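Chains, contacts and geometry: an overview
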Amino acid sequence: MAGNFKKLMLIMLLALLPTGALCIIVDPLYQYHKPWFGMPVILDNAVYQTPGAARNLEYTDVIVGTSMTENFHTQWFDEEMGWDTIKLSYSGARSDDLKAIFSVIFSREEPVGHVFMDINDYQLTSPSWTAYVERPEYLYDSNLFNDYRYIFNRDIVVRSWERILDGLQGVEDNVDTAYTWEDEALFGREITLSVAREAREGLLQGGGSEAPLEQKLALCQENLENILPFIRQNPDTEFIVFLPPYSMLYWEQMLLRDNLEDMLEIYRYAIEHFLEYENVSLYYFQKEEWIVTDLEHYRDVCHHRPEFNRYIFDCVKQGKNRVTKENLNKTLHEMYDFAENYDYESYWQER
């Protein structure tokens, strides 16, 4: 019996070796190397491909962040700002996810010239260990002994054959448009209102309670400590941080939670910490009235049409909407007055 068992194990090992070799050679998640044999760089699964792409693809500048960064095109940065850009962002990334990504980016020998990133309220106010999408830690760490989950993975075998076929068919890299979601049908006033309606009704009925501001700021500090050390330790890297334009329905929810003033204080706290560093420039887009008041521009309370990613890029390139220590108070006071006095009922009246 023992002899038969050993034979079975040997047969299984020999059967697995070609599969493992295929996954290592093709390496569709770029865990070990950039593409070989003319195969294209195809980025289509951000959570799983980000660590390998950060580790092994060629770049000097990066876009990092959440779904609010996914509709930026790397070509804009390369052609108009002289960068060599890769997008290393994924939907719902928390501050702990940013820490994991930055840890890979700054472990490389190659210097990083620029980091372009967004900051959103949940990255400042949610516990850093919470996850919108569970991160595959075995792809982020340097432990080779758990890589069997990658090289003997059925989905990775399928992806490997897909990349081989892409190479044979002459498919081009998709680095420029990786992870974009630009479907026009996703956006519109009625879609946005329908998504926001349930949350609004719950808030009108008194749902939810808010923690004291001191507790919120302590949590904000914990989240910032996942990000700020990389800024501090890499003074030759320019970090360009922007706060994206949320719709006015977001600010209505802040008011209904009695959280408007606290949320702006959290933003103030975070912005002040970012502005302590000379290698940080910060841009504020939350009071772009022509964008945030028109629900045709949105798909929910926060996510806007992709053309506004281009607008944000143009503003950053021109230095518009930049927040400094000198204009921070004015910027947030204007946001408070605008959000507090806006006519939100006009959105919910029957047309």
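Keep in mind the model is a prediction, meaning the values are calculated, not measured.

**A closer look at the environment of Leu249**
Position of Leu249 relative to the elements: it lies in helix H12 (residues 248–256). On the basis of relative accessibility, which here comes to 1%, the residue Leu249 falls in the buried class. Expressed as a C-alpha distance, the spacing of Leu249 and Arg197, which sit 52 residues apart in the sequence, is 9.7 Å. Aside from chain neighbours lying at most four places away, what touches Leu249 is Thr192, Leu193, Ala196, Leu295, Val301, Tyr347 and Trp348.

**Let's talk about the pairing of strand S3 (residues 114–118)**
In terms of burial, S3 is largely enclosed, as four of its five residues are buried. Pairing of strand S1 (residues 61–65) with S3 involves four bridges; the strand directions are parallel. Bridging from a neighbouring strand, Val62 pairs with Val115 of S3. Here S3 runs beside strand S4 (residues 238–243); their pairing, made up of five bridges, is parallel. Bridge pairing in S4 places Met117 opposite Val241.

**Some points on a negative patch on the surface**
Together, Asp258, Glu261, Asp337 and Glu340 make up a negatively charged patch on the protein surface. Its place among the elements puts Asp258 in the loop between H12 and helix H13 (260–274).

**Regarding helix H9 (residues 189–204)**
Its 16 residues place the ends of H9 21 Å apart at the C-alpha level, agreeing with the 22 Å of an ideal helix rising 1.5 Å per residue. At Arg197, H9 shows its maximal kink, close to 40 degrees. Next to the buried residues of H9 lie H12 and helix H17 (345–348). Phi for Gly206, located one or two positions after H9, is positive at around 90 degrees.

Cut-offs applied
- Residues numbered from 1 in each chain as written.
- Predicted model: local features only at pLDDT ≥ 70, side-chain atom pairs only at ≥ 80, totals over all residues.
- Heavy atoms only, no water.
- Helix = DSSP H or I, 4+ residues; strand = E, 2+ residues; numbered from the N terminus.
- Buried < 20%, exposed > 50% of the residue type's maximum accessible area, 1.4 Å probe, protein only.
- Contact = heavy atoms within 4.5 Å.
- Pairing = 2+ DSSP bridges.
- Patch = residues over 30% accessible without salt bridge, like charges linked within 9 Å, V, L, I, M, F, W, Y side chains within 5 Å.
- Areas by Shrake-Rupley, 256 points an atom, 1.4 Å probe, with all protein chains shown as cover.
- Salt bridge = Lys/Arg side-chain N within 4 Å of Asp/Glu carboxyl O.
- Lys, Arg positive; Asp, Glu negative; His and termini not counted.
- Charge placed at Lys NZ, Arg CZ, Asp CG, Glu CD.
- Expected span 1.5 Å × (residues − 1).
- Bend = angle between axes of the 7 residues up to and from the residue.

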